[in-house]
Amino acid sequence: MAKTLFEKIWNEHVVVEEPGRPAVLYVDLHLIHEVTSPQAFSGLRARGLKVRRADKTVATMDHSTPTLPKALQVIDDQARAQLSQLEKNCAEFGIRLFALGNEKNGIVHVVGPERGFTQPGMTIVCGDSHTSTHGAFGSLAFGIGTSEVEHVLASQCLLQSKPKTMEVRIDGTLSPLVTAKDIILAVIAKIGTGGGTGYVLEYTGSAIRALDMEARMTVCNMSIEAGARAGLIAPDEKTFEYVKGREFAPSGAAWDAAVERWKKLPTDAGASYDTLVTLDANKIEPMITYGTHPGMAVPVTQALPAAADFSAGSERQAFEKAMIYMGLEGGRSLVGQKVDVVFVGSCTNGRISDLRLAASVLKGRHVAAGVRALIVPGSQEVKRQAEAEGLDRIFTDAGAEWREAGCSMCIAMNGDQLSPGQYAVSTSNRNFEGRQGKGGRTFLASPATAAASAVTGKVTDVRTLAAV
Amino acid sequence: MASFTKITSHAVVIPSENIDTDQIIPARFLKVIDKDGLGKSLFCDWRYNADGTDKADFPLNFPASQGAQILLAGDNFGCGSSREHAPWALVGWGLRVVISTSFADIFKGNSLKNGLLPVVVSQDVYQKLLAAQKADPKAQITVDLTNKLLTLPDGSTSNFPVDAFAQHCLLNGIDQLGYILGFDDKIKVYEGSHTYAN
């Protein structure tokens, strides 16, 4: 019978499936970090259990690590204790750790792919909702809670009920300066923050096939913002080319055998999904969020909704509450809105291609007076590559801050954060109230839109910046 | 894990939709290495003034809300991050049930592993509960997990869905890891026969 990519991976990983019970699903790669793992290790100790497959577990420090270049001062004793706990846990249980200061350190969802841990057809989990990123390789990857982190550490398995499948088909060609970030914001705006709940999304269509691997990661990364735990993109030659030669990727005969397996993963002709959503890439414009969840997004030039556009009820209340928090009026576009901070980075847009795009906009230009711009590479590897290409000089010459790798201002628990009331154009993934700092106000957008907004000090349609 | 059978309580109501886990427990409280003591930080940024005093207009601070074991909240509750600190904080405050018209997947799974029952109701039942609580903040709601039955303050009842396995685990206080480890022999067989698992 014809099967989808999801069904093939799912079927391959079911260890036990009993009627009326969730499946016991095998996990090929378990990524861990300092924030969601300590209580799981405590649980193991309390039960006298070991880590079943330390060889399939990889740890990094990213959420609470500092990004200021020289000092690398951890924000407080609590964060220091948490980082130190991860070191102890990894040492005790024999887990590979890319600690703060390690040349391979970085954000978990940047490190996994760049070191070659992430491979097509795998099941990948992490105590972090943006684990969906790894679906860009045609692997079933999703975020789990700390109890489940403990389950996987102890058993290498998880209990999972089989989700439904949604095809998100995006055909057509993106216009210049329209990016993967704009695609995924358009998808979330269309289906809503809960539209993907209970589903695994598979992104298909010519516009997806045309994306490079890093852009595909950006799309899959934000699947969770539509409520879907996982997003998938079928592997192809671009995928194999990206994985080939990476430190932990197969090599020699094992590589050839792996590629043969991976080529069988894409959804079969005639396989069916539970539901279908389509978007036309030709019509996607640079997108920006205006409210307090990622579904509140519009093309940057388009007028925001007004309260009158909603019928009375909870949706209107939610809109009005968001507009009060954001200090905005509906009915006009965000273009020209004052910006205090610009953040380029995160597991969504902190890879080398994102930095190249931001640099291409900032080159020969300067960050507007009064605007603070932070450029934060997703990993130490990305940082080295950017510096080899001279991107760091472009950023610092433009008046932006060039930082060490980490989650930084995406999560505001490491010292990088907005002050109350500040407006930020951010390439990260969440614009929830206080996400980037208590009282901070976030506009999510692409690296191109963020960089253009840094130059003008206002929300800007990057297509309107005059050529330098 | 504490078992759960039946709870009768008044409810605290936060009627907003899409309440994300960053609101339930902001990221700056995630630097802990244990699960305890998060109840005081529940809904921190909605609950406290800048000087740390209670915001009188936030439902968790209403005198009538004290002692409530049920939270009634808007659609898509618990969206966003996978942090299990969210159910830890809700349970830490004293809650055992959240009633909404829908829940985010990861939050739902995390809650069930911590003795916190997510109860999905229809829009109609949700509105009835809102109205009943508005009329009487101490109106009693009964959540009966054995029979998957919700009894509204007016005595009317409504069934709610719960995954059969989750129900079994909650009713009996069964811990899922023990269940998984019971399949150790099958996991070994799997590892011996699958490429990635070798």
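Check the entry above for the structure.
Note that the structure is predicted; figures quoted are calculated from it, not measured. Within every chain, residues take consecutive numbers counted from 1 along the sequence as written. The lettering of chains begins at A and the numbering of ligands begins at 1, in the order of writing. Where totals are concerned, whole chains, interfaces and linings use all residues; where local detail is concerned, this predicted model gives features only for residues with pLDDT of at least 70, and gives and counts side-chain atom pairs only at 80 or more.

Enquirer: Would you explain the overall build of chain A in this entry?
Expert: Helix and strand counts for chain A come out as 16 helices and 19 strands. In summary, chain A has a C-alpha radius of gyration of 21 Å against a globular reference of 23 Å for 468 residues, a match within 12%. Expressed as lengths along the three principal axes of its C-alpha atoms, the size of chain A is roughly 55 × 55 × 45 Å. Looking at chain A as a whole, 61% of its 468 residues are labelled buried. Note on contacts: each residue gets a C-beta atom placed from the backbone, and two residues are in contact if those atoms are within 7 Å. Put simply, of all contacts in chain A between residues at least 6 apart along the chain, 76% involve residues at least 24 apart. Think of it this way: any DSSP run of H or I at least four residues long counts as a helix, any run of E at least two long counts as a strand, and we number them from the N terminus. C-alpha atoms define the radius of gyration, and 2.2 Å times the number of residues to the power 0.38 defines the globule rule. To sort residues by exposure, count the other C-beta atoms lying within 10 Å of each residue's C-beta; 20 or more gives buried, 12 or fewer gives exposed, and values between give partly exposed, all with C-beta atoms placed from the backbone.

Enquirer: Just to check I follow, could you spell out the overall build of chain B for this structure?
Expert: Per the secondary structure count, chain B includes eight helices and eight strands. Taken along the three principal axes of its C-alpha coordinates, chain B extends 60 × 45 × 25 Å. Burial statistics for chain B: of 198 residues in total, 46% are counted as buried. Across chain B, the fraction of contacts at a sequence separation of at least 24, relative to all contacts at a separation of at least 6, is 67%.

Enquirer: Can you walk me through the sheet that holds strand E18 (residues 423-426) of chain A in this structure?
Expert: Note: strands within a sheet are paired through backbone hydrogen bonds, in either parallel or antiparallel orientation. All names here are of chain A. Strands pair, by our definition, only if DSSP identifies at least two bridges between them. If you walk across this open sheet you meet the five strands as E17-E16-E15-E18-E19, and the pairing is parallel. Looking along the sheet, the strands with just one partner apiece sit at the ends: strand E17 (401-402) and strand E19 (441-444). Two elements, E18 and E19, share four bridges in a ladder whose sense is parallel. Counted as the bridge partner of Val425 is Phe443 from E19.

Enquirer: Could you clarify how one ought to interpret the interface of chain A and chain B in this entry?
Expert: Where interface size is given, it is often the accessible area lost as the parts come together that is meant. Tallying the contact residues gives 56 residues for chain A and 45 residues for chain B. For the side of chain A that touches chain B, the secondary-structure elements that each account for two or more residues are strand E1 (14-16), strand E2 (23-26), helix H2 (38-47), helix H3 (77-93), helix H5 (146-155), strand E8 (157-160) and helix H11 (314-326) of chain A. The leading source of residues in the side of chain A that touches chain B is H5(A), at six residues.

Enquirer: Please clarify how helix H13 (residues 352-362) of chain A should be interpreted in this entry.
Expert: One turn of an α-helix holds 3.6 residues; hence residues three or four places apart share an orientation. Residues and elements named next belong to chain A. Most of H13 sits inside the fold, with eight of its 11 residues counted as buried. If you check which residues of H13 are buried, you get Ile352, Asp354, Leu355, Leu357, Ala358, Ala359, Val361 and Leu362. Trailing H13 by a residue or two, Gly364 shows a phi angle of about 75 degrees, which is positive.

Enquirer: So what exactly am I meant to see when it comes to the sheet that holds strand E6 (residues 123-126) of chain A here?
Expert: All names here are of chain A. If you walk across this open sheet you meet the five strands as E5-E4-E3-E6-E7, and the pairing is parallel. Each edge of the open sheet is held by one strand with a lone partner, namely strand E5 (96-98) and strand E7 (140-143). Taken pair by pair, the neighbouring strands of this sheet meet at an average axis angle of 20 degrees, ignoring direction. Pairing of E6 with E7, which is carried by four bridges, proceeds in the parallel orientation. Paired with Thr123 across the strands is Leu140, a residue of E7. The convention used is that axes are lines fitted to C-alpha atoms, helices contributing only their stretch in contact, and that angles between N-to-C directions extend from 0 to 180 degrees.

Enquirer: Would you mind showing me how to read the packing of H13(A) against helix H16 (residues 447-456) of chain A here?
Expert: Axis angle and axis distance: for two packed helices, these are the angle between their axes and the distance between the axes, and together they describe the pair. Residues and elements named next belong to chain A. Where H13 contacts H16, the two axes come as close as 8 Å, and the packing angle between them is 30 degrees. When the interaxial angle is binned, H13 and H16 end up roughly parallel. Both H13 and H16 take part in a crossing whose hand is right-handed. Listed contacts from H16 to Asp354, Leu357, Ala358, Val361 and Leu362 of H13 are Pro447, Ala448, Ala450, Ala451, Ala452 and Val455. Each angle receives one of four descriptions, namely roughly parallel if under 35 degrees, roughly antiparallel if over 145, roughly perpendicular if within 65 to 115, and oblique otherwise. Handedness of a crossing follows from how the near helix is turned relative to the far one, being left-handed for an anticlockwise turn of less than a right angle and right-handed for a clockwise one.

Enquirer: Sorry if this is basic, but what is going on with the pairing of E2(A) here?
Expert: On a regular strand, each side chain points to the face opposite its neighbour's, so the side chains alternate between the two faces of the sheet. All names here are of chain A. In the sheet, E1 pairs with E2 via two bridges, with the strands oriented antiparallel. Each residue of the ladder has a partner; that of Val14, found in E2, is Leu25. Counting the residues in the hairpin turn of E1 and E2 gives six residues, including Gly20, whose phi is positive at 75 degrees. Bridging between E2 and E8 involves four bridges; their strand directions are antiparallel. Looking at the pairing, Tyr26 lines up with Cys157 of E8.

Enquirer: When you look at unusual backbone geometry in this model, what are you seeing that I'm missing?
Expert: Most peptide bonds are trans, and most residues other than glycine sit at a negative phi. Positioned with a positive phi, Ser346(A) is a non-glycine residue whose angle comes to about 90 degrees. Looking at the secondary structure, you find Ser346(A) in helix H12 (residues 346-349). For Asn76(B), which is not glycine, the phi dihedral falls at a positive 60 degrees. Its place among the elements puts Asn76(B) in the loop between strand E3 (70-73) and helix H3 (85-93). With 25 C-beta atoms packed within 10 Å, Asn76(B) lands in the buried category.

Enquirer: Whenever I open this one, the environment of Gly291(A) confuses me. Can you help?
Expert: Residues and elements named next belong to chain A. Turning to its location among the elements, Gly291 is positioned in the loop between strand E13 (287-289) and strand E14 (297-299). Taking the C-alpha atoms as reference points, Gly291 and Ile233, separated by 58 residues in sequence, lie 29 Å from one another. Residue contacts for Gly291: discarding those within four places in its chain leaves Met296, Ala322, Met326 and Asn431.

Enquirer: Help me understand the pairing of strand E10 (residues 199-204) of chain A, please; the structure alone is not making it clear to me.
Expert: All names here are of chain A. The element E10 is largely enclosed, with a buried count of six among its six residues. Of the two faces of E10, both are covered, the one formed by Tyr199, Leu201 and Tyr203 as well as the one formed by Val200, Glu202 and Thr204. Pairing analysis gives six bridges linking strand E9 (residues 164-171) to E10, with the strands arranged parallel. Residue pairing across strands places Lys164 opposite Tyr199, the latter belonging to E10. Seen with the strands pointing away from the viewer, any crossover whose path from the first strand over the helix to the second strand runs clockwise is right-handed. Regarding the hand of the β-α-β motif, the stretch spanning E9, helix H6 (residues 180-191) and E10 is right-handed. Note: E10 against strand E11 (residues 230-232), three bridges, orientation parallel. Residue pairing across strands places Leu201 opposite Gly231, the latter belonging to E11.

Enquirer: Just checking my understanding: could you explain H16(A) for this structure?
Expert: Residue and element names in this part refer to chain A. Most of H16 is tucked away, with nine of its 10 residues classed as buried. Of the positions making up H16, those classed as buried are Pro447, Ala448, Thr449, Ala450, Ala451, Ala452, Ser453, Ala454 and Val455. Those residues of H16 hidden inside the fold are in contact with E13, strand E15 (341-344), H12, H13, strand E16 (372-375) and E18.

Enquirer: Looking at this structure, I do not really get the nonpolar core. What am I missing?
Expert: The tendency in soluble globular proteins is for nonpolar side chains to be buried as a group. Counting residues in hydrophobic clusters, the biggest one holds 155 residues, and the most contacted among them are Ile288(A) and Val342(A). The element contributing the most residues to this core is H6(A), with eight residues. If near-sequence neighbours (up to four positions away) are discounted, Ile288(A) is found in contact with Ala297(A), Val298(A), Val300(A), Leu334(A), Phe443(A), Leu444(A), Ala445(A), Thr449(A) and Val459(A). Ranked by size, the runner-up nonpolar core spans 49 residues in total, among them Val13(B), Cys79(B), Trp93(B) and Ile106(B). Think of a nonpolar core as buried Ala, Val, Leu, Ile, Met, Phe, Trp, Tyr and Cys residues, each tied to the set through C-beta atoms within 7 Å.

Enquirer: Would you mind showing me how to read the packing of H6(A) against helix H8 (residues 213-221) of chain A here?
Expert: All names here are of chain A. One way to put it is that H6 packs onto H8 with a least axis distance of 8 Å and a crossing angle of 20 degrees. Relative to H8, H6 is oriented roughly parallel. Note on packing geometry: the crossing formed by H6 with H8 is right-handed. On H8, the residues touching Ala180, Lys181, Ile183 and Ile184 of H6 are Ala215, Thr218 and Val219. Classification used: nonpolar for Ala, Val, Leu, Ile, Met, Phe, Trp, Tyr, Cys and Pro, charged for Asp, Glu, Lys and Arg, polar for all others including Gly. Of the residues contributing to the contact of H6 with H8, the split by class is five nonpolar, one polar and one charged.

Enquirer: Please explain the environment of Ser379(A) as it appears in this structure.
Expert: All names here are of chain A. Checked against the element boundaries, Ser379 lands in the loop between E16 and helix H14 (380-388). For Ser379, a count of 30 C-beta atoms within 10 Å translates into the label buried. Separated by 141 residues in the primary sequence, Ser379 and Lys238 place their C-alpha atoms 22 Å from one another. Non-local contacts of Ser379, meaning those with residues more than four positions away in its chain, are made with Asn105, Gly106, Ile107, Val110, Val111, Glu114 and Ala405.

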